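Close look at the chain arrangement
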Number of protein chains: 4
Amino acid sequence: MILKIDFASETPIYEQLKNQIVEGITFGLLKEGEQLPSVRQMAEDIGINMHTVNKAYSILRREGLVIIYKGSGVIVNDFSKMRNKSFLKEVPLLIKPVIAEAYCKGINEEEFLDKCKEIFNSIYKGKK
Amino acid sequence: MILKIDFASETPIYEQLKNQIVEGITFGLLKEGEQLPSVRQMAEDIGINMHTVNKAYSILRREGLVIIYKGSGVIVNDFSKMRNKSFLKEVPLLIKPVIAEAYCKGINEEEFLDKCKEIFNSIYKGKK
Amino acid sequence: MILKIDFASETPIYEQLKNQIVEGITFGLLKEGEQLPSVRQMAEDIGINMHTVNKAYSILRREGLVIIYKGSGVIVNDFSKMRNKSFLKEVPLLIKPVIAEAYCKGINEEEFLDKCKEIFNSIYKGKK
Amino acid sequence: MILKIDFASETPIYEQLKNQIVEGITFGLLKEGEQLPSVRQMAEDIGINMHTVNKAYSILRREGLVIIYKGSGVIVNDFSKMRNKSFLKEVPLLIKPVIAEAYCKGINEEEFLDKCKEIFNSIYKGKK
DNA sequence: GTGGTCTAGACCACG
DNA sequence: GTGGTCTAGACCACA
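About the thresholds
Residues numbered from 1 in each chain as written. Chains lettered and ligands numbered in written order. Predicted model: local features only at pLDDT ≥ 70, side-chain atom pairs only at ≥ 80, totals over all residues. Pairing = 2+ DSSP bridges. Helix = DSSP H or I, 4+ residues; strand = E, 2+ residues; numbered from the N terminus. Least-squares fit on C-alpha atoms with pLDDT ≥ 70 in both. Contact = placed C-beta atoms within 7 Å. Axes fitted to C-alpha atoms, helices over the stretch in contact; angles between N-to-C directions. Near = placed C-beta within 6 Å. Nonpolar A, V, L, I, M, F, W, Y, C, P; charged D, E, K, R; others polar. Domains from an automatic or database assignment. Expected span 1.5 Å × (residues − 1). Buried ≥ 20, exposed ≤ 12 C-beta atoms within 10 Å, placed from the backbone. Parallel < 35°, antiparallel > 145°, perpendicular 65-115°, else oblique. Left-handed = near helix turned anticlockwise from the far one by under 90°.

Before going further, it helps to spend a moment on the sheet that holds strand 1 (residues 35-36) of chain A. Here three strands make up an open sheet; going across it, the order is 1-3-2 (chain A) and the pairing antiparallel. Each edge of the sheet is formed by a strand with only one pairing partner; in this case those strands are strand 1 and strand 2 (66-69) of chain A.

Dropping the structure here:
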């Protein structure tokens, strides 16, 4: 799996990393039970500091997406068992600003929903 | 229009303010040509720093959503003329992480799209 | 409020700090709305590193016990509004090992419950 | 006796193992004089490292709960003779943080004490 | 070898 | 001046 960090971005590195791993899990690039590179290895690969990777991993653990075995590594959790639907309530808060901005910039509902569907389709493709 | 700032939130105040004004414009609470409170007034109303309001207004101007007349006020621009569809390319970058996280937490396509549609519906309602 | 860190302890410094602040809030030494020392100040006071304090504060925020105003400080949240009773399910997991060990070492139910009651009494005393 | 190790937990495996054996002794699943599986056997059963089991057993010996006969096995000590009440002084230190956190999260004295009593009751049940 | 903690010092965004 | 992020390098507990 290839990770791309934008060092000029405003979003913190650890968050970009976290997001990309979440996407990797979602889109099937990272399978359940698969082991992630060690914090040091990952840090070296990307060219960032160990602690930054550590922070990303810790957040992923807190969210239940990975399991950290102290002293032996980090693996992708089986999230298919998870049904933390409480996140559903947060979704509007997260997408409302995006939709608002999109609408102001002349993007209509159909265009927006198409983009969403495209993303979901690429999820299904990864699961095949 | 009522503005609600969550001081405990991780999103900076200036960004929350900007987002809420964008939403106000989108959802029809702020009509084109309408005047926004002065920087001072707005700062006092919400109980925040003048600089913070200034920053939000500046971003809105940069995005073309408001026009700042030095010394006489800030008014909502007529964005119906705007067709800055270049934002369409940014949309996937913004929603992909949200969809990925939602999917991992057991939310499916239908549920997600429903939330989007709800938001668009409340836009149309405001325009009536 | 006086904080005592045991540098020889196995429990991490940030956790000791977090625990003592939680206790401070519980026992009424830290009132709702009261401001905590800045990370740097607190670090200097105790003689530890800024980042260690930061970690403790971050955990407290995540648990909803304090509110962090980026750029202006950290204050004690009004936890009387909180009724996160889901913690009730975790309580047995936390005290079972303590009770088991106590029982093995000849401590009976009455003695143990008395200790608990003493602690609750000192909470009530602080609230007067 | 069935041992359940949570590999995702923050508590080290050796400590979970130790705790569960202590609980086994307390709740009557392990009787005095009963023999524990050998270090090798236990390690294999749970699927962990021998050293980890060894560490747990060593702690139990140090606390006087088991006796290790080199080469012939580990047996549960008769702790009914033990009256190491010095542990009574440590109890408040161990439960104070738990009570403090519980109180902050809206759990009152009665609820907390009930949980404790439940645990003691399950001890008595095991002793019948 | 792994992750976890702590320190030290730097820079930045926010208010 | 505040907290947030990142780096660098050290030591420790765990497996």
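Let us look at the relation of the copies chain A and chain B. Note on the copies: chain A fits chain B at an RMSD of 0.2 Å, the axial shift is 0.0 Å, and the rotation between them is 180°. The operation mapping one copy onto its partner corresponds to a two-fold rotation axis. By residue overlap, the copies meet face to face through one surface: 100% of the interface positions of chain A are interface positions in chain B.

Time to look at the sheet that holds strand 2 (residues 66-69) of chain B. Residue and element names in this part refer to chain B. Taken in spatial order, the three strands make up an open sheet running 1-3-2, and their pairing is antiparallel. At either end of the open sheet lies a strand with only one pairing partner, and these are strand 1 (35-36) and strand 2. The sheet contact formed by strand 2 and strand 3 (residues 73-76) spans four bridges and is antiparallel. Directly across from isoleucine 68, in strand 3, lies its bridge partner valine 74. Those strands touched by helix 3 (residues 50-62) are strand 2 and strand 3, and its axis lies near 115° from that of strand 2.

Time to look at the protein's contact with DNA strand F. Taken together, 29 residues sit near DNA strand F, with Ile13(A), Asn49(A), Gly71(A), Ser38(C) and Ile13(D) positioned nearest. Elements supplying a minimum of two residues to the surface near DNA strand F: helix 1 (13-26) and helix 3 (50-62) of chain A, helix 2 (39-46), helix 3 (50-62) and strand 3 (73-76) of chain C together with helix 1 (13-26) and helix 3 (50-62) of chain D.

When the parts come together, some accessible area is lost, and that loss is often what is quoted as the size of the interface. Every contact between the two is made by 38 residues of chain A and, on the other side, 38 residues of chain B. Element by element, the count of residues in the side of chain A that touches chain B is highest for helix 4 (residues 87-104) of chain A, at 15 residues. Tallied by class, the residues present in the side of chain A that touches chain B amount to 25 nonpolar, four polar and nine charged.

Residues and elements named next belong to chain A. Parsing chain A into structural domains produces domain 1 (13-81) and domain 2 (87-127). Here the C-alpha centroids of domain 1 and domain 2 sit 25 Å apart. Facing the four residues of domain 1 at the interface are four residues of domain 2. For the side of domain 1 that touches domain 2, the residue count by class is two nonpolar, two polar and no charged.

Residue and element names in this part refer to chain D. The terminal C-alpha atoms of helix 1 lie 20 Å apart, and with 14 residues this matches the ideal 20 Å at 1.5 Å per residue to within 8%. In terms of residue burial, helix 1 counts as a mostly covered element, since 12 of its 14 residues are buried. Within helix 1, the full set of buried residues consists of Ile13, Tyr14, Gln16, Leu17, Lys18, Gln20, Ile21, Val22, Glu23, Gly24, Ile25 and Thr26.

Let's shift gears to the arrangement of the chains. At no point do chain A and chain C touch; the closest pair of C-alpha atoms across them sits 11 Å apart. Nothing in chain B touches chain D, and the closest approach of their C-alpha atoms is 18 Å.

This part is about the protein's contact with DNA strand E. The environment of DNA strand E is formed by 29 residues, the closest being Ser38(A), Ile13(B), Ile13(C), Asn49(C) and Gly71(C). When contributions to the surface near DNA strand E are tallied by element, the ones reaching two or more residues are helix 2 (39-46), helix 3 and strand 3 (73-76) of chain A, helix 1 (13-26) and helix 3 of chain B together with helix 1 (13-26) and helix 3 of chain C.

Glancing now at helix 4 of chain A. Residue and element names in this part refer to chain A. With 18 residues, helix 4 extends 27 Å between its outermost C-alpha atoms, agreeing within 8% with the 26 Å of an ideal straight helix rising 1.5 Å per residue. What helix 4 keeps buried is the set Val91, Ile95, Lys96, Val98, Ile99, Ala100, Glu101, Ala102, Tyr103 and Cys104. Glycine 106 lies just past helix 4 and shows a positive phi near 85°.

Looking now at the packing of helix 4 (residues 87-104) of chain C against helix 4 (residues 87-104) of chain D. Direction vectors running N to C along helix 4 of chain C and helix 4 of chain D enclose 175°, while the axes themselves pass 11 Å from each other. The angle between helix 4 of chain C and helix 4 of chain D falls in the class roughly antiparallel. Contacts from Phe87(C), Val91(C), Leu94(C), Ile95(C), Val98(C) and Ala102(C) of helix 4 of chain C reach helix 4 of chain D at Phe87(D), Val91(D), Leu94(D), Ile95(D), Val98(D), Glu101(D) and Ala102(D). Residues that form the contact of helix 4 of chain C with helix 4 of chain D fall into these classes: 12 nonpolar, no polar and one charged.

Here two bridges tie strand 1 of chain B to strand 3 of chain B, and the two strands are oriented antiparallel to one another. Across the sheet, the residue bridging to Gln35(B) is Ile75(B), located in strand 3 of chain B.

Now for the packing of helix 1 of chain D against helix 3 of chain D. Residue and element names in this part refer to chain D. Across the interface, helix 1 lies against helix 3 with an axial gap of 8 Å and an inter-helix angle of 45°. If you check the angle between helix 1 and helix 3, you find them oblique. Where helix 1 crosses over helix 3, the handedness of that crossing is right-handed. When helix 1 is examined against helix 3, the residues Ile13, Tyr14, Leu17, Lys18 and Ile21 are found in contact with a partner set consisting of Thr52, Val53, Lys55, Ala56, Ile59 and Leu60. Of the residues assigned to the contact of helix 1 with helix 3, the class counts are eight nonpolar, one polar and two charged.

A few words on the environment of Ile67(A). Mapped onto the elements of the fold, Ile67(A) is located in strand 2. Accessibility expressed as a C-beta count within 10 Å gives 18 for Ile67(A), which makes it partly exposed. Remark: the alpha-carbon pair of Ile67(A) and Gln35(A), spanning 32 residues in sequence, is separated by 9.6 Å. Discounting chain neighbours no more than four positions away, the residues touching Ile67(A) are Ile75(A), Asn77(A), Phe7(D) and Ala8(D).

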